[in-house]
Each structure stands twice: as structure tokens, then as C-alpha cells.
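Coordinates in review
Here is how the chains run, residue by residue.
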Amino acid sequence: MNPSTTTRGRLILVAIFGVALFMNVLPGPTWAEPFIPDWVALTLIYWCMAAPQRISVGVGWTLGIILDVLYGSLLGQHALAKAVIAFLTVHLHPQLRMFPRWQQAVSVFVLLVINQLLITWIRGATGQAPGTAAYWTPSIVGMLLWPWLFVILRDIRRRWHLS
Amino acid sequence: MISAFGKSFQWPSALTRFVLLALLSAALMIFDHRGQQLQQLRAVLMVVVYPIQVAAGIPVDLYNGLVAAVTSDKDLKERNLVLESERQQLLVRLQQFDAIGNENDRLRAMLGAASRVADRILVAELMEVSLEPFSRRLLIRRGARDGVYVGQPAIDAYGIVGQVTQVAPHVSTVTLITDPGHAIPVLDNRSGLRTVVFGSGDQDELTVPYLSRVADIKEGDQLISSGMGGVFPAGYPVATVTTIVNDPGESFLRIRARPTAQLNHGKQMLLIQPAATTEKPKTP
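From a predicted model like this one, the values you see are computed outputs, not experimental measurements.

Turning our attention to the sheet that holds strand β1 (residues 120-127) of chain B. Backbone hydrogen bonds hold the strands of a sheet together, and the pairing may be parallel or antiparallel. Residues and elements named next belong to chain B. The antiparallel closed barrel is built from six strands, whose spatial order is β1-β2-β5-β4-β3-β12. With direction set aside, neighbouring strand axes in the sheet form an average angle of 45°. Judged from the two bridges that link them, β1 and strand β2 (residues 137-140) form a sheet pairing that is antiparallel. Residue pairing for β2: Leu126 is matched across the bridge by Ile140. Contacts from helix α2 (residues 39-70) reach β1, β2, β4 (160-167) and β5 (172-176) within the one sheet, and its direction differs from that of β4 by about 110°.

Spelled out as C-alpha cells, the structure:
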């Protein structure tokens, strides 16, 4: 009997991703933009690593589509990027779980950069790539936050026996 | 062990699902970029995600409520005085404006030219929510129900803000003139030079590319909308030229401009409904 398959487990996961989406669209001043990490990507990476049999490309893609609608960006842009990082994380999850925390953070950084790279390519192809170097700092911030986020999400997972 | 079990079990289907979803994303992107077919789908999805956007606005609303609560009576009275005097000045200027407008109409009638009809204006409140990072777009609390349409120009008290790019029943997205993908045709108010101003992605900067070194443009020039392209009405201020770099190694001038509209302040913007000018060529 796997508790994560229950309705309650499902609801908790929906709530967690809902909070991540909410934090992604939380308004802030423009100067703070480079310091806000992609919470949805970070949360997705964690769950793809911790529960790959439940959370994988399908969930990633759905979150991406919701982000596309929330952001008003090209439909499918974030969906593709999130599906790619979900796929990679699920593929690599046995290694990622074994890594010491700092090495895990570096891997997460690489995943976040892939996420942003795909989005810049698509935005460039449709004629609106952001040209500033500050565009990449959210990935660095995400990497630095990873160890803390990992602990918080792990505690949530253990507390409610998710996966 | 669950993971090993899950992996050996799920692996082939994960790849298949990934490939299918990737293809689906590609198809969506192509359709969204090329045509208008997905506008309906997006409008429906925008209604679905509306609660998240409302929730995201709550912290800022609370903060504003707090600020309003601690604003003292004295501050409000002072502010009221300032606004009152400003209003008087504006009314005086408006009197002249009316007279000039009438005169202009008479002159145009004499010349047989189409008379310029005043634009209709819809006030739209901004929604406190951040859109895609490093794009310059805003969400407003006006949608298809209020008659907002894609391509509708938005202004504030100081100049052109941007244009509506997506419309849902209750909200719509405005792309600012500073968005990296935005371009607006303008006219140099001093020399009459026609050009196009592009967004840079920076919140306070626009670029004016493709002007050769002999172009008649100076620092401090006011750029106003030229009305070409048909999206923006003519004659609204867009930007002020701040720097011009003439690099002999490059074929074009490197020109930076600052938007005249207050893109980062203000809680409201105005959507204009350009009145159709009745083109009636009269023969005298």
C-alpha cells in the first residue's frame, strides 16, 4: 500500500506545486528579477528525483503549460523546457540521490541552465531573446537555495509519507 | 528498491511520453506563433489559472492597505492641496486646448481634410502579478468583456505604454514598449525623421537601430508615434533620445532613448480606441 497514491497524497502534491506556481508569479520590483529563482523548476526537479514513478514528464509538461498561460508566453515554451528537465531528472535520479548535497546542487544548476537555455532559444527564434547577463542569475540563486529547499521538501515528503 | 522497480517498469513509457509531449509542445508553439487559432484555448486556460494570479496579488494588496492605514490625515490634506492646484492648471490649459481644437476643425473643414476625431479612452487597472522574467509585459483587469482587443494601444499620462497582446474575458496582457520583442514606428518631433524604436528588455531603455550616421537626430529629441503600421495612433509621445554613440567602425548609429511614459510607476493605464478617421477626399 503506497500512501502517495491516496487522494490525500495527491492533494498535498497539488498544493505543493500550486505554491511553487504562486511563488513564480509573486509580484516584485524589476530590480529583484535576477534574484528570483524558478521555484516550479526546483520543486519539479526535487519530486522527479524523489518520486520518479509518480512525478515525471507528464506533470512537468502540465506545469509548463500552466506557466505559459500565467506568464503570457508562447504556449508550449515552458512546457517543453519543463518536460525536458523532468525527463533528465527521472533519467538521472539514481545518481542524483547518491550525490553529496553540494554535488546535487551543481547538477541542479546544470538542469536549471538547460531549462533557461531552451527558453532563450525559443524566445530568440520567435524574435525576443533577452540579451542581459542578469538573465542567468536565477539559475545560480536556485543552485544556492537547493540544499535548503531539499531539506524542506524532504521533511514534507516524510511527514506525509509521500512516495 | 521502489525506484529500481519504478525505473525498470516506467522507463520505456517515460521516453515515449516525453517524445510525444515534446512534439505536442512544438506543434503548440508553431500554431501560437504563426496564427490566432490558439487564442480561444489560451483565453479558457487564463480563466482556469485566474485564482493563482489573484492569490499572487494578495500580499501587495495587504501591503498597500497597510500603507493607506498609516498615512496620516495631514499627508492626505497636503496631497489634496497639490492635486487641487494641479487640476486648476490643467483646466486652464484645457480651455485653450478646446479653442485650438475648434479652430483646427474649422481650418481642416476649409481645407477639405478629414477632421480628427478624439480617441475614446478606457481606464484599466494593473494586476499585481509578475509575468515571464526578463520580458516586459503587464496584466490588466480589463478583458474582452470590456471591449479590449489584441493590438489596442495603451498610454498613460505621459506617453505610450505599449499594446494589448492577449485577451481573456476578464484580463488581458499588455506588452510594454520596452519588451525585447516590441517595436513602434516613430517620428522625430524636431526633424521629422521617421524611424522605429525597439524595446531593449531593460526597464528604462529603448534602442533606435538602423539609422545611418547622416541621420538628423540629436540627443534630447522627442520621439512621437508616427501612426504608421496602424497600431498606434499618431502624435503621442514615445521616448526622449538620451545618448547617441557614433562609432566609425559601425555602419549605424548606436542610439538609446528613455520612454516618456512612467512604465514602472502608476497603477493604471489608459487603453485608447482610435476613432476611425472618415477619409472623404473632397474636390473643391
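Moving on from the coordinates now.
Right, let's talk about the pairing of strand β10 (residues 237-245) of chain B for a bit. Two elements, strand β9 (residues 222-225) of chain B and β10(B), share three bridges in a ladder whose sense is antiparallel. The residue of β10(B) that forms the bridge with Gln222(B) is Thr240(B).

This brings us to the interface of chain A and chain B. Listed as interface residues are 48 residues of chain A and, on the opposing side, 47 residues of chain B. Across the interface of chain A and chain B, roughly 4100 Å² is buried in total on both sides, 69% from carbon and sulfur atoms. Considering only the side of chain A, the residues that lose the most area to chain B are Val69(A), Leu75(A) and Phe87(A), jointly responsible for 16% of the buried surface there. At the junction of chain A and chain B, the tally comes to two salt bridges. For Glu132(B), the salt bridge identified is with Arg123(A), shortest N-O distance 3.8 Å. Summed over the shared surface of chain A and chain B, the number is 14 residue pairs in polar contact (both at pLDDT 80 or more). When contributions to the side of chain A that touches chain B are tallied by element, the ones reaching two or more residues are α1 (7-24), α3 (57-71), α4 (77-98) and α5 (101-125) of chain A. Its residues placed into classes, the side of chain A that touches chain B shows 28 nonpolar, 16 polar and four charged.

As a further point, take the nonpolar core. In summary, soluble globular proteins display a tendency toward joint burial of nonpolar side chains. Trp47(A) and Trp146(A) are the most contacted members of the largest nonpolar core, which totals 69 residues. Among the secondary structure elements, those contributing two or more residues to this core are α1, α2 (39-50), α3, α4, α5 and α6 (137-159) of chain A together with α1 (2-34) and α2 of chain B. Of the residues forming this core, the biggest block, 11 residues, is contributed by α2(A). In terms of domain composition, this core takes at least three residues from each of domain 1 (36-114) and domain 2 (118-274) of chain B. The contacts of Trp146(A), once residues within four sequence positions are left out, are Leu42(A), Ile45(A), Tyr46(A), Met49(A), Arg101(A), Gln104(A), Ala105(A) and Val108(A). Counting residues in each nonpolar core, the second largest holds 36 residues, with Leu126(B), Leu211(B), Leu263(B) and Ile272(B) among its members.

The rules we used
- Residues numbered from 1 in each chain as written.
- Chains lettered and ligands numbered in written order.
- Predicted model: local features only at pLDDT ≥ 70, side-chain atom pairs only at ≥ 80, totals over all residues.
- Heavy atoms only, no water.
- Pairing = 2+ DSSP bridges.
- Helix = DSSP H or I, 4+ residues; strand = E, 2+ residues; numbered from the N terminus.
- Axes fitted to C-alpha atoms, helices over the stretch in contact; angles between N-to-C directions.
- Contact = heavy atoms within 4.5 Å.
- Buried area = accessible area lost by both parts, 1.4 Å probe.
- Salt bridge = Lys/Arg side-chain N within 4 Å of Asp/Glu carboxyl O.
- Polar contact = N/O pair within 3.5 Å; in protein donor to acceptor, adjacent residues only side chain to side chain.
- Nonpolar A, V, L, I, M, F, W, Y, C, P; charged D, E, K, R; others polar.
- Core = buried A, V, L, I, M, F, W, Y, C linked by side-chain atoms within 4.5 Å.
- Buried < 20%, exposed > 50% of the residue type's maximum accessible area, 1.4 Å probe, protein only.
- Domains from an automatic or database assignment.

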